[in-house]
Structure formats: structure tokens, C-alpha cells
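Residues per chain, in single letters:
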Amino acid sequence: MSSIVVGIEPGQTPTVLITAASIAADLGAKVEVIFADSGRYVTERLPEHNVLGTSEAQFPEELAELVAAHLLGVDYELHSVPGDPAKVLSAVAEEVDARMIVIGTRRPGLRNKLAQFIDGSIAVALAQKQTRPVLVIPQQIINLPEE
């Protein structure tokens, strides 16, 4: 079974999950839902073939509920992995041989613009540093797929 990797974070709108569910259903793919916990640092390099083995932390409950509500009927797994989001998503995609990586855009607002300025754009980092397709979902989309 093929896989797609979906990155999510607290406060994210469900459009990323709804779109990922639609794509996964069309492809018959499993969804690997990743919360890249940048608050927990990896003291060494991410492992090359067992990134998901580092996901011992509990997946955030609010995110688990959001995923369960929007990935109905889709095969998925939840993973909380410590480290930089772009590096984590890329490493997981490599590990599961994902067809694509799906992420959302940053939320609007000065605080988020400042965070992007300091941390950089996850979408740009992914697009430039790995070889899998990256689908970036806007916060609000027209003609949202039916759930």
C-alpha cells in the first residue's frame, strides 16, 4: 500500500486533513500523520531508517481528535516525532517511501510572519531539500473536497 505523509500542528485548519483524506482515498494510500515537535530537540542527527521509532511521545490529544474527525474511512497512523518539521517530514517520507508530503500554509498574522522569518518556511525547505512532491494546502480553499 502506498503512503502519503501529512504534517499537522496545533491551531491548523482542517483543510489539510480533508484534502489529504481525499487524496488518500483516490490513491488507496495510507496516511502517516506527523506532528513534528520542534519543542523537543534531537541531540543527534535523525536516524536514517527509523525516524518513526523516535516517536515515543504521546500524540497531542487535540490533534488526534482533529485527525479522527476528518480522516474517517482512511487508513492512518499518528506519530509525534521530535525535531525540525521540514527534516522530520522529509525523513519520514523517505522511511515509508511516501508518494507525497502534504502540509498547510502558515496561519495569517504578524506573529506567524515573524515565526516564518525566524524559522523559515517549511514548504520552501521541503521543496528545496528532498525529491518527493510537496502539496501545500492554503488555509481556506474553494471547492473543498466532500468528506
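Reading the values: rules and limits
- Each chain carries its own residue numbering, running from 1 in the direction its sequence is written.
- Only residues with pLDDT of 70 or above have their local features reported here, since the model is predicted, and side-chain atom pairs are shown and tallied only from 80 upward, although totals for entire chains, interfaces and linings are computed over all residues.
- Excluding hydrogens and water, the side-chain figures rest on all heavy atoms present in the structure.
- Each helix is a run of H or I in the DSSP string that is no shorter than four residues. Each strand is a run of E no shorter than two, and both are numbered from the N terminus.
- Burial status follows relative accessibility: with a 1.4 Å probe on protein chains alone, a residue under 20% of its type maximum counts as buried, one over 50% as exposed, and anything between as partly exposed.
- The contact definition used throughout considers only heavy atoms, calling two residues in contact when any of these lie within 4.5 Å.
- Note that accessible areas follow from Shrake-Rupley with a 1.4 Å probe, and for residues the cover is restricted to the protein chains shown.
- Only buried residues count toward a nonpolar core, which is a set of Ala, Val, Leu, Ile, Met, Phe, Trp, Tyr and Cys residues joined through side-chain atoms within 4.5 Å.
- Any two strands with at least two DSSP-identified bridges between them are counted as paired.
- Fitted lines through C-alpha atoms serve as axes, helices being fitted only where they are in contact, and the angles separating the N-to-C directions of these axes extend from 0 to 180 degrees.
- Only one rule defines a salt bridge in this text: a Lys or Arg side-chain nitrogen within 4 Å of an Asp or Glu carboxyl oxygen.

**Some remarks on the overall build of the chain**
- Assigned secondary structure in the chain consists of five helices and five strands.
- Element order for the chain, N to C, with α for helix and β for strand: β-α-β-α-β-α-β-α-α-β.
- For the chain, with 147 residues in total, the buried portion stands at 41%.
- Put simply, 82% of the contacts in the chain that link residues at least 6 apart link residues at least 24 apart.
- Entry remark: accessible area of the chain is about 8400 Å², with carbon and sulfur atoms responsible for 52%.

**What about the nonpolar core?**
- Ile-4, Val-6, Ile-8, Val-31, Val-33, Leu-71 and Val-102 are the most contacted members of the largest nonpolar core, which has 21 residues in total.
- Within the residue set of this core, elements represented by two or more residues are β1 (3-7), α1 (15-27), β2 (30-37), α2 (61-70) and β4 (100-104).
- A total of six residues in this core trace back to one element, the largest contributor, which is α1.
- Contacts of Val-102, omitting those with residues within four sequence positions, involve Ile-4, Val-5, Val-6, Gly-7, Val-16, Ala-20, Leu-135 and Ile-137.
- Ranked by size, the runner-up nonpolar core spans 14 residues in total, among them Ile-34, Ala-36, Ala-98 and Leu-126.

**Some remarks on the sheet that holds strand β3 (residues 76-82)**
- Taken in spatial order, the five strands line up as β3-β2-β1-β4-β5 in an open sheet, and their pairing is parallel. The sheet is open, and its two borders are formed by β3 and β5 (134-137), each paired with just one other strand. Strand after strand, the sheet turns through a mean of 25° between neighbouring axes, direction not considered.
- Inspection of the sheet shows β4 paired to β5 by four bridges, in the parallel sense. Within β5, the position partnered with Val-102 by the bridge is Leu-135.

**Observations concerning the pattern of salt bridges**
- Considering all chains together, one arrives at four salt bridges under this definition.
- The salt bridge involving Lys-30 is made with Glu-77; its shortest N-O contact spans 2.3 Å. Residue Lys-30 is located in strand β2, and its partner Glu-77 is located in strand β3; the two are separated by 47 residues in the primary sequence.
- A relative accessible area of 34% means that Glu-77 is categorised as partly exposed.
- For Asp-97, the salt bridge is made with Arg-132, and the minimal N-O distance between the two is 3.3 Å. Linking Asp-97 in the loop between α3 (85-96) and β4 with Arg-132 in the loop between α5 (122-129) and β5, this pair joins segments that are 35 residues apart in sequence.
- The buried category is assigned to Arg-132, whose relative accessible area is 16%.
- Each of Lys-30, Glu-32 and Glu-77 takes part in one network of salt bridges that share partners.

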